[in-house]
Amino acid sequence: ASMANNFQKKQYIINNIDEAIKNEHIKVYYQPVVNAASGKLCGLEALARWEDPQYGFLSPADFIQTLEEYYQIYKLDMFVVEKVCRNLSQRKNRGMPLIPVSLNFSRRDFDSLNLADDVEACLQKYGIDKKLIHIEVTESTLSENDEKLKEILRRFRSNGYALWLDDFGAGYSGLNVLKEYDFDMMKIDMKFLSGFSGNTKARHILKNIITMAKELDMSTLTEGVETDEAYQFLKENGCEQIQGYLFGRPMPGAELYEKIKTGIYQLDL
Ligand code: C2E
Ligand code: CA
Ligand code: CA
């Protein structure tokens, strides 16, 4: 029964993605990223949510993999790019502060030779500065000799975008691939924080990853920070940026901007 259910859900996702995009059932949530030193907001990560009339609230765990599997993820990711650009341009027109946003891309997106051009076109359409957009690629998508991926990443880079390596250490590709790619930021996967309290090994590992990233010319951001203890440790050990429930969950843009307006979040741009 559960398999049939799963299959039905997959079918539903594939059959309804176009409608969901058209009717704006896909929402962009934003999670705060803070500067470790100041504890103030320095960036946002755009994360997709699907608020479906039939299924209710769907999280990425429900639909990302299916969209990837059926080659539909490009639509979703370009929709998120468009929403984020539109949102930034509205804020720009109102003279409000502009906070950089990082965007998630799947390996499948890079199969479209146009990815870098499509993103570029969208930013131009809305008059958005490239410095406001970071391109996230998960470590699991990297492999050696992937010339296509490298070519498109180079194109992004030469167009002026920062490249962020997502989920570093989640355990797919290993350290070796770091030799072959250039990233500006390493996002350290949250699994390194599990059992952080009372585990001296976890601390040694984190500390050395931060040092290694620095030596490879990358800044670091640690994800999944839920406790002040972890935050203080990361700050003391030179991690520049922090993301996690300690500073806020992903939330709708309106809620986030309200929190900026009321001073719950202060900006460090
Ligand atoms: P991710 O890119 O690693 O995003 C971070 C995930 O960790 C988010 O889950 C976020 O809600 C969660 N998280 C953040 N802070 C904490 C914390 O302190 N504790 C815990 N336990 N979790 C935390 P979310 O939004 O469910 O997204 C899951 C994954 O789905 C993302 O992982 C990303 O790989 C993918 N995804 C989300 N939106 C998109 C999208 O628009 N396009 C693509 N291609 N992938 C997306
Ligand atoms: Ca991400
Ligand atoms: Ca991540």
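Placed above this text is the structure.
Residues numbered from 1 in each chain as written. Chains lettered and ligands numbered in written order. Predicted model: local features only at pLDDT ≥ 70, side-chain atom pairs only at ≥ 80, totals over all residues. Heavy atoms only, no water.

Moving on to the coordination of the calcium ion (ligand 3). Bound to the calcium ion (ligand 3) on the protein side are D166 (OD), D167 (OD), E223 (OE) and E223 (OE), at distances that span 2.2 to 2.5 Å. The distance between the calcium ion (ligand 3) and the calcium ion (ligand 2) comes to 4.0 Å, with D166 serving as a donor to both metals. (Donors = N, O, S within 2.8 Å, 3.2 Å for Na, K, Ca; no water.)

In this section: the coordination of the calcium ion (ligand 2). Surrounding the calcium ion (ligand 2) are the protein donor atoms E45 (OE), N104 (OD1), E136 (OE) and D166 (OD), at 2.1 to 2.3 Å. Mapped onto the sequence, the donors of the calcium ion (ligand 2) take the spacing E-x58-N-x31-E-x29-D.

Right, let's talk about the packing of aromatic side chains for a bit. Within the structure shown, the criterion is met by nine aromatic pairs. Directly above the aromatic system of Y257 lies the positively charged group of R91, at a separation of 3.7 Å from the ring centroid. Sitting above the plane of the Y245 ring, R249 keeps its charged end 3.8 Å from the centroid. (Phe/Tyr/Trp six-rings, centres within 6.5 Å; stacked < 30°, edge-to-face > 60°. Lys NZ or Arg CZ within 6 Å of the ring centre and 35° of its normal.)

The next thing to look at is the layout of surface pockets. Approximately 940 Å³ is the volume attributed to the largest pocket. Lining of the largest pocket is provided by 35 residues; of these, E45, L47, N104, D166 and D167 occupy positions nearest its centre. For the lining of the largest pocket, the secondary-structure elements that each account for two or more residues are β2 (41-52), α2 (60-69), α3 (73-93), β4 (101-105) and β6 (162-168). Class assignment for the residues of the lining of the largest pocket results in 15 nonpolar, nine polar and eleven charged. The calculated volume of the second largest pocket comes to roughly 230 Å³. (1 Å grid on protein atoms, 1.4 Å probe; cavity = no way out; pocket = protein on both sides within 12 Å on 5 of 7 lines; lining within 4 Å. Points joined across faces, edges and corners; volume = space filled by probe spheres on them. Helix = DSSP H or I, 4+ residues; strand = E, 2+ residues; numbered from the N terminus. Nonpolar A, V, L, I, M, F, W, Y, C, P; charged D, E, K, R; others polar.)

Counted according to the given criterion, the structure contains 22 salt bridges. The shortest N-O distance in the salt bridge between E229 and R203 comes to 2.9 Å. Of this pair, E229 sits in helix α7 (residues 228-236) while R203 sits in helix α6 (residues 200-215); the two residues are 26 residues apart in sequence, bridging distant segments of the chain. The exposure class assigned to E229 is partly exposed, which follows from its relative accessible area of 37%. A salt bridge links K261 to E258; the nearest nitrogen and oxygen atoms lie 3.7 Å apart. Here K261 and its partner E258 are both found in helix α8 (residues 253-261), three residues apart, which amounts to about one turn of the helix. When salt bridges that share partners are traced, they join E45, E136, K187 and E223 into one network. (Salt bridge = Lys/Arg side-chain N within 4 Å of Asp/Glu carboxyl O. Buried < 20%, exposed > 50% of the residue type's maximum accessible area, 1.4 Å probe, protein only.)

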